[in-house]
Amino acid sequence: MSKASFSVLPQYLLPKQAITVFAGKVASARAGRLTAFLIRWFIKRYDVNMDETVNPDIHSYRTFNDFFTRALLPGKRPLAQADFICPVDGSISQLGVIRGDQIFQAKGHNYSTTALVGGDSELAEKFRGGKFATLYLSPKDYHRVHMPCDGRLTRMIYVPGVLFSVNPLTARGIPSLFARNERVICVFESERGPFVLALVGATIVGSIATTWHGVVNPKRPGRVREWRYDSQNLVLRKGDEMGRFQLGSTVVMLFPKNTMQFNSLWTPMRAIRFGEMMAIGTSDNNRDV
């Protein structure tokens, strides 16, 4: 057993669902001074930069969730002139080529695109040999998720699951982590083909919300649910907010083969910011290899 696997053993024993439900109730409670105390402690504990937020007054937030999903001041994240921009603040867990249908999680751990998207093999097949990026949002980060490029929403799939932590240590120690945790799969069409943004939940992630639906998992029904948007022409532009986490987690992105090349500066564990260049689109003379 590896050191990472040994370190995460307690997570198998913890009542993760109960802890998450409790944390969600605390985070959504309007508790006045207690809420302000919790926010102040969190800012100090995780070194949160409040200078770049629209509202730096901690006493004005009605709930901890309101603070956690705080908005940034305009201009704090200028959008790069690139085909694909980074959709979040955080760090790169992993990125690269999807080998067949296998996504690399960490040394010794892969998982399938089919498992990630909730068992839909037809959807997963669209990304065979394509590209993926797994982006981790730590507690101190800005927790809204934005569009990496223009896209028309076609489907949203809620996939129930467990609620392991998604920090780097857990990713190294728990097999198929991102295909086991609760997640919301958002499927878009773009001028370069389909792409997926998978919002992956974790321990104490109270909820996952999208801009077109609101909170997707309020009651955690324990079964796969799907919404179709084919006839609604719901288009989001590059840089638009598309979702948010109420307490931190991970985004996994899938892109088809021969559509993009990642920024050469993007490597695992690198810190990233929303709006920076993520990738360029490939042309007929500049295809993936």
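Residues numbered from 1 in each chain as written. Predicted model: local features only at pLDDT ≥ 70, side-chain atom pairs only at ≥ 80, totals over all residues. Heavy atoms only, no water.

1. Some details on the side chain of Thr53
- On the secondary structure map, Thr53 appears in the loop between helix 4 (33-46) and helix 5 (64-68).
- Its relative accessible area of 3% is what places Thr53 among the buried residues.
- A polar side-chain atom of Thr53 sits 2.8 Å from the main-chain carbonyl oxygen of Met50.
- Excluding residues that lie within four positions of it along the chain, Thr53 makes contacts with Arg70, Ala71, Leu72 and Leu73. (Helix = DSSP H or I, 4+ residues; strand = E, 2+ residues; numbered from the N terminus. Buried < 20%, exposed > 50% of the residue type's maximum accessible area, 1.4 Å probe, protein only. Polar contact = N/O pair within 3.5 Å; in protein donor to acceptor, adjacent residues only side chain to side chain. Contact = heavy atoms within 4.5 Å.)

2. Looking at the pairing of strand 15 (residues 250-255)
- Among the six residues that make up strand 15, six are buried, leaving the element largely enclosed by the rest of the structure.
- What you see with strand 15 is no split at all: Thr250, Val252 and Leu254 on one side and Val251, Met253 and Phe255 on the other are buried throughout.
- Sheet analysis places strand 5 (residues 131-136) next to strand 15, joined by six bridges and oriented antiparallel. Of the residues in strand 15, the one forming a bridge with Thr134 is Val252.
- Pairing of strand 9 (residues 193-200) with strand 15, which is carried by five bridges, proceeds in the antiparallel orientation. Residue pairing across strands places Val196 opposite Leu254, the latter belonging to strand 15. (Pairing = 2+ DSSP bridges.)

3. Describing the environment of Arg192
- Among the structural elements, Arg192 can be located in the loop between strand 8 (183-190) and strand 9.
- The partly exposed category is assigned to Arg192, whose relative accessible area is 28%.
- Here the alpha-carbon distance between Arg192 and Gly151, two residues 41 residues apart in the chain, equals 9.7 Å.
- Of the polar contacts made by the side chain of Arg192, one reaches the side chain of Glu191; its length is 3.2 Å.

4. Digging into the packing of aromatic side chains
- Going through the model one piece at a time under the given rule, you end up with 14 aromatic pairs.
- Geometrically, the ring pair formed by Tyr61 and Phe67 is edge-to-face, given 5.9 Å between the ring centres and 75 degrees between the ring planes.
- Tyr61 sits in the buried class, given a relative accessible area of 11%.
- Here the aromatic residues Trp41, Phe42, Tyr46, Tyr61, Phe64, Phe67 and Phe68 are joined through ring pairs into a cluster of three or more.
- When the ring centre of Phe67 is taken as origin, the NZ or CZ atom of Arg70, which lies over that ring, is 4.7 Å away. (Phe/Tyr/Trp six-rings, centres within 6.5 Å; stacked < 30°, edge-to-face > 60°. Lys NZ or Arg CZ within 6 Å of the ring centre and 35° of its normal.)

5. Observations regarding the environment of Tyr136
- As for its position among the elements, Tyr136 is in strand 5.
- Tyr136 gets classed as buried once you look at its relative accessible area, which sits at 15%.
- Once the C-alpha coordinates of Tyr136 and Gln94 are considered, the two residues, 42 residues apart in sequence, prove to be 9.2 Å apart.

6. Some points on the sheet that holds strand 16 (residues 260-262)
- The strand order 1-18-16 describes an open sheet built from three strands, whose pairing is antiparallel. The sheet is open, and its two edges are formed by strand 1 (84-85) and strand 16, each paired on a single side.
- Across two bridges, the pairing between strand 1 and strand 18 (residues 277-281) is antiparallel. Bridged to Phe84 within strand 18 is Ala279.

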